[in-house]
Amino acid sequence: MPAGLDNLRHIVVLMMENRSFDHMLGSLTAVNPQIDGIAAQLSNPDTNGNPVQPQPLAQFQGQLDPDPDHHFPAVDLQIFGGDTSPNRVANMQGFVKSYFNQQRDVGHSQKIMYYFAQNQLPVLTTLALEFAVFNRWFASIPGPTICNRAFAHYGTSFGRVDMNPIYINEPFKSIYDRLINATPKHTAKLYYYDTTSSTMEVANLLQNQPELFGTYPQFLNDCGTGNLPDYSFIEPNFNDHDSDSGEEVANDQHPDHNVQAGELFIASVYNAIKQNSNLWKSTALLVVYDEHGGIYDHVIPPACTPDQFTASANDTGTGMQFAFDRLGVRVPAILVSPWIPRGTVVNRTFDHASIPATITKFFLGDFSPRSPRETGADVFIEPNGPAVDPARNLLSLANMRNDCPDFDV
Amino acid sequence: MTLIHVPRPDMRSAMDPGRPVNALLKAQVQHLHEAEKNLPFRHRTDIYINAIKTEGEAAEYIRRVTEAIHEAHAAAAKKRARPVIKRKRGIAIAAAADKRPVGKGPGAGGQKKKSTGNRGRKT
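Residues numbered from 1 in each chain as written. Chains lettered and ligands numbered in written order. Predicted model: local features only at pLDDT ≥ 70, side-chain atom pairs only at ≥ 80, totals over all residues.

1. Concerning the pairing of strand β11 (residues 283-289) of chain A
Residue and element names in this part refer to chain A.
- Most of β11 sits inside the fold, with seven of its seven residues counted as buried.
- Neither face of β11 is open: one carries Thr283, Leu285, Val287 and Tyr289, the other Ala284, Leu286 and Val288, and all of them are buried.
- Pairing of strand β1 (residues 10-16) with β11 involves seven bridges; the strand directions are parallel. Considered in β11, the bridge of Met15 is made with Val288.
- The pairing of β11 with strand β12 (residues 333-336) spans four bridges and is antiparallel. Directly across from Leu285, in β12, lies its bridge partner Val336. (Buried ≥ 20, exposed ≤ 12 C-beta atoms within 10 Å, placed from the backbone. Helix = DSSP H or I, 4+ residues; strand = E, 2+ residues; numbered from the N terminus. Pairing = 2+ DSSP bridges.)

2. Considerations on helix α3 (residues 72-80) of chain A
Residue and element names in this part refer to chain A.
- Where burial is concerned, most of α3 is hidden: eight out of the nine residues are buried.
- Considered for burial, the residues of α3 that qualify are Phe72, Ala74, Val75, Asp76, Leu77, Gln78, Ile79 and Phe80.
- For α3, the elements touching its buried residues are α4 (95-103) and α13 (313-316).
- One or two positions beyond α3, positive phi appears at Gly81, with a value near 70 degrees. (Contact = placed C-beta atoms within 7 Å.)

3. A short note on the interface of chain B and chain A
- The interface of chain B with chain A comprises 38 residues on the first partner and 38 residues on the second.
- Elements supplying a minimum of two residues to the side of chain B that touches chain A: β1 (3-5), α1 (11-14), α2 (23-37) and α3 (55-81) of chain B.
- A total of eleven residues in the side of chain B that touches chain A trace back to one element, the largest contributor, which is α3(B).
- Looking at the side of chain B that touches chain A, its residues break down into 20 nonpolar, eleven polar and seven charged.
- Examined bridge by bridge, strand β15 (residues 406-408) of chain A and β1(B) share three bridges and lie parallel to one another. Across the sheet, the residue bridging to A:Asp408 is B:His5, located in β1(B). (Nonpolar A, V, L, I, M, F, W, Y, C, P; charged D, E, K, R; others polar.)

4. Examining the sheet that holds β12(A)
All names here are of chain A.
- Ordered by their spatial adjacency, eight strands build an open sheet running β7-β6-β8-β1-β11-β12-β4-β13, and the pairing between neighbours is mixed. Both edges of this open sheet fall to β7 (213-215) and β13 (344-346), since each of them pairs with a single strand only. In this sheet, adjacent strand axes meet at a mean angle of 20 degrees when their direction is disregarded.
- Sheet topology note: the strand β6 (residues 188-192)/β7 ladder contains three bridges and is parallel. Among the inter-strand pairings, Tyr191 is bridged to a residue of β7, identified as Gly214.
- Contacting β6, β7 and β8 (231-234), helix α10 (residues 216-225) crosses the sheet at an angle of about 90 degrees to β7.
- The strands touched by helix α11 (residues 259-274) are β1, β8, β11 and β12; relative to β11, the strand with the most contacts, the crossing angle is about 170 degrees. (Axes fitted to C-alpha atoms, helices over the stretch in contact; angles between N-to-C directions.)

Such coordinate-based values are descriptive only and should not be taken to indicate function.
Below is the structure:
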């Protein structure tokens, strides 16, 4: 087995909030043309029919207020440009129109096309250039947070496309259940920032299995003491609040929360792993965003294996039912490990169902039953077995890198 | 090895607990409210969630219910772990003596004796 996979003991997933690929990493095409970001010919029409081009004018805070709509009907408009005919074709031409609907202000609606310059996001862009960046990682559903995050935990949203609580009464177990009940037993933890931020996985996991949870300070401690579980899922701070240690600024990067606070948080997760040399060589960190938050991206989401659920026309709010047969808008995703060659760009297609698919295949080999969406999803780390396809193995270096960057946090 | 400088946000402008709650926090509050309904009464908050308008108010509610969920589970675990107290032998004998002999009277044949409301008293 390749040395990187042979050493791999821990997989950590950090899921941020509501930013599209082009918005965060689109600037990197100028540095590495293999990265599919902002190109000169891209535009969206405003409501006067004038083309609006993406511009590197994004600000850390105060620009995307109100929060751009990213519920199912709005994302449908963003992807299909307002075409509701039966044989419509996705064109990614409805982002400015969608944002206009919220304030009826043509000038303000154009801000949805803005992206960050590389030097504004030193953490995310450095990780993308230094390790593996995914050109085709999409949200699981063209819709909001809760149902997309459900895909990361269960490989399905059980038919939901909205923000309502998802009650699990179906046979698909969470990735945490699968691991902790396996033989031999594995370890898994969902780290939320603190009790005042809590977790989005309330309705099921927190309510019924609070022992699965830890806080971010516990994550830092577990990294320092070498007690990180096999699988860790980290949630950022979702709100501004006071704590015993002072003011805690939301660092989830959800509009209109401060993007620089999120950069610091991503860097602190990276540093916590890297500062323990044993952990660094045995851990892969995936940094990914749950959905695009209504912000412009130019890549058309592809069709995918339908799930075994269908959202009704009433539930989608579009007048059309949805068979979970198309992915959501593209989001930033980066895999970090010292066994990954610098400048790796991955062109295979992934979505959040790839997370439980990968964790299951790597640690357990197989598990049944799993949702059709999860079994159809690609894995970003090859299964822990004797026959590894070198073309698919991202942790491909024979020797661990010693030139990985450090962040001054 | 390169050291990358990470700029810090301006805390004065970044921090705003008075910011109106976004859709995500609203959903989180609603989810916690659903979870709260399943808690024993003594662990529930008395916060009316429809009155939550700001991020700071949402944060306070989220904290209280999250802590309550953990406390309720900890209390249940403590109760489960408590050793079972065995009854003294003498009491068991006394209870057996209370039973009506099989095959005699209207309560015979394994029927349950109806409560008289005078439990423990001699009649």
